[in-house]
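# A structural walkthrough
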Amino acid sequence: MRRRPVTGLLAIAPPVIVIALFVGLPMVSAMLYTLGDTGGLNSTIGSIAQHQHTPERGWLTLDAYREVFADESFRASLVATIVVTLVATVLVTILGWGIALYGRFHDGPLSRLLTGVSIVPMFIPAVIGAYSMLTFYAPNGMLRTIGLALGWDSAPTLSYTLTGVTLGSVWSNLPLTVLLISSGLGGVPQTLIDASRDAGAGPVRRFRKVILPLTTVPTIIAATFSAIGILGSFTLPYVLGPTARNILGPLMDDTYSAFNMPQQAQVMAVVVFGLALVASIAYVWANYRSARRSEVLR
Amino acid sequence: MKIRIRATALTAMSVTAVLTLAACGSGSDSTDAASGGSQEIVLYTDSDTGVQQLWENKLIPAFEKSHPGITVKFSTGDVSNQSAQLASLAASVKQDKAPPMDIVVDSGFLPDASSADLLTEITTSNVPNSADITEAMKSSAAGVMPYRASAVVLAYDSEKVTTPPTALPDLVQWIKDNPGQFAYNDPSTGGSGQGFVQAMLDSHLDEATIKAMSTGYDENAQSGWDAGLKDLAALTPNVYQKTYPNGNEETLNLLGQGQVSMIPAWSDMFLTAKKNGTLPDSAKAVSISDPAMPGGPSSLAVPVNSKHQEAALQLMNWVLEPEQQAGIVEAISGFPVIPSTELPKSAQSVFEGMDTSNVAPFYSSKSAADMNRKWSQRVA
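The structure presented is a predicted model; accordingly, all values stated were derived computationally and were not measured. Positions within a chain are numbered from 1, following the residues in the order the chain's sequence is written. Here chains are named by letter from A upward and ligands by number from 1 upward, in the order in which they appear as written. Residue-level local features of this predicted model are given only where pLDDT is at least 70; pairs of side-chain atoms are given and counted only at 80 or more, and the full residue set underlies all totals for whole chains, interfaces and linings.

### Details of the nonpolar core
One finds Met268 of chain A together with Ile103, Val153, Ala155, Ile263 and Ala265 of chain B to be the most contacted residues of the largest nonpolar core, which totals 166 residues. When residues of this core are assigned to their parent elements, the largest contribution, 10 residues, is made by helix α13 (residues 262-297) of chain A. Here, residue contact means that the backbone-derived C-beta atoms of the two residues sit within 7 Å. Look past the residues within four positions of Ile103 of chain B in its chain and what remains in contact with it is Ile41, Leu43, Tyr44, Leu300, Val302, Ala312 and Leu315 of chain B. For this analysis, nonpolar core means a set of buried Ala, Val, Leu, Ile, Met, Phe, Trp, Tyr and Cys residues linked through C-beta atoms within 7 Å. Counts of 20 or more other C-beta atoms within 10 Å of a residue's own C-beta define buried residues, counts of 12 or fewer define exposed ones, and intermediate counts define partly exposed ones; C-beta atoms are placed from the backbone. Numbered from the N terminus, helices here are DSSP runs of H or I no shorter than four residues, and strands are runs of E no shorter than two.

### Comments concerning the pairing of strand β4 (residues 145-157) of chain B
Residues and elements named next belong to chain B. When you tally the buried positions in β4, you get 13 out of 13 residues, the bulk of the element. Alignment of β4 against strand β7 (residues 295-301), held across six bridges, turns out to be antiparallel. Its bridge partner being in β7, Ala151 is matched across the sheet by Gly295. Strands are labelled as partners when DSSP assigns at least two bridges between them. In the sheet, β4 pairs with strand β5 (residues 262-266) via five bridges, with the strands oriented antiparallel. Across the sheet, the residue bridging to Val153 is Ala265, located in β5. Where β4 meets strand β6 (residues 283-286), four bridges bridge the pair, whose relative direction is antiparallel. Residue pairing for β6: Tyr156 is matched across the bridge by Lys284.

### Considering helix α2 (residues 49-66) of chain B
What sets the pattern is the α-helix's 3.6 residues per turn: residues three or four places apart point alike. Residues and elements named next belong to chain B. Given a helix with a known number of residues, its expected span is that number minus one, times 1.5 Å. The end-to-end C-alpha separation of α2 is 25 Å, in line with the 26 Å expected for 18 residues at 1.5 Å each. Taken as a whole, α2 carries its principal kink of about 35° at Leu59; the proline Pro61 stands between one and four residues after it. Here α2 has its buried residues at Val51, Leu54, Trp55, Leu59 and Phe63. Contacts made by the buried residues of α2 are with β1 (39-45), β2 (70-76), β3 (103-105), α11 (309-319) and α12 (322-332). Fitting axes to the seven residues ending at a residue and to the seven starting there, one defines the bend at that residue as the angle between these axes.

Following this line, the structure appears as structure tokens:
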């Protein structure tokens, strides 16, 4: 069915205008500022900032980017951000799959309890969760206390470590992953699974040939959401992470306000933005694929 | 991380928006200016909730009761909005409109507002009680009137530490002798860690350089920090978990949980935590000397274009009375800015072990920003 284009345009105009005005415009202006533009919307911040780079000749300069990338602490934090994001995303996806599979094929009180518990982090504010983890992982915290009671007297202290941040990120991203993969698994027709069983396929083969192909798209969507969330996380690494070589969020915040160097902080933000773009390529591909499939089915 | 970019640019946009609002909204105010009778003054603060409660629940009701005819409208802002508030104040002065507020409490933009001549000058004729402010608390910025103070002190658990160090070199030695028992927060995230770092840097600087850094900005003199930063880096293996927690509260938590036995802390936060029971009774505090950990007064100011000068100045004068000064001691453990001998005995005894009369200044905000960055590059 074809709709009249004018009605459609009118319907999407308000969100487009709001996004262009409150997201698009500030973003463009912020990117111009990282390139040394201190006029117009950037004049206020430009008059406050310290160690700002403005072009000596021409209109724009890459000096702020050069300074940020030459800084050892930024490079260390960038590596830490990428590593934590990758590790936590892989872990949370595996865990999410495990819980979703169990819930899909073993309907009982235990599986319902497990799924329920894995959703709980969604209803706990990040600050509360981060502080409770900090207490739990502390040298005198529960993790080490239990370890000691079991005879392990050198259980690790995970507070103020990247391992702690990784575990925390897994915890906070688990609910959405479980929900997305569960709903994907719920969409796999039972008849297909039964048919492959009748055809003699074992559990591994059924998983690889039937279940996995039909849930690739929700899995990629879940992983992308987790990765972008972790890339941009602030509260968890701020509370639970180490002082240096932490996720970029706290370093960006320090650079922006405590060092009074907003230009360099925005350079870092542009870098994180770039990383998020890379992560969302898979998401766009997955959406495109699922859109095409539904067209084929129709 | 898109959110950061948005927030940044939004700040810039909100400045523009506030400027426009200030320009439109204030026209009507200027007419009812000196109309006597009842008038309303707007009190603005971007300080923490403790200070907000002090004003909203204690000082303002008491003032309104003793000054019928004056009502005080309490308004708060976020501390990250400082530059926007300063911009809107500056715009209102420039256009000769009424300012967005008649009294500014604590705000970090006051020194800048003072140097831009946006504040009413405070003298003993318009605020008679300002004559009582002690020499050490007096503000060098015109129009900025201190009304309470606080300083970074050394908080410790007296059950584990019987004789705490009172001089910085002794403290450093103690940290090295008791690995893992001392913590200070990342100086970027709170004044208590910043105060400790500054004292460590100051120990290699002469008086004149320290003064220059607290009153202005001299990038070349910062090479004098190298020795202190080296000392601090050498302490890293001996601090709690070889790391630096974020925020003033976090080190207080560590002390309260018994994970460390000594921390630098804000005097008012320390005393309030003790009163609320988040710190045990065995927690005590002393002032550190040689060099001292800094602190500073918190101040009030009236914008030069306020249409309610007289009422606002009355409020400032009233806050300096011994009764109110003692109330501030009681509510948030703020140091008084008048001689403590003028306060009741009960208010004086709160500060046992702390030097409330001499408070060394913090570095200027620009110097401190560079200090934080160098610390993060070389110590963390």
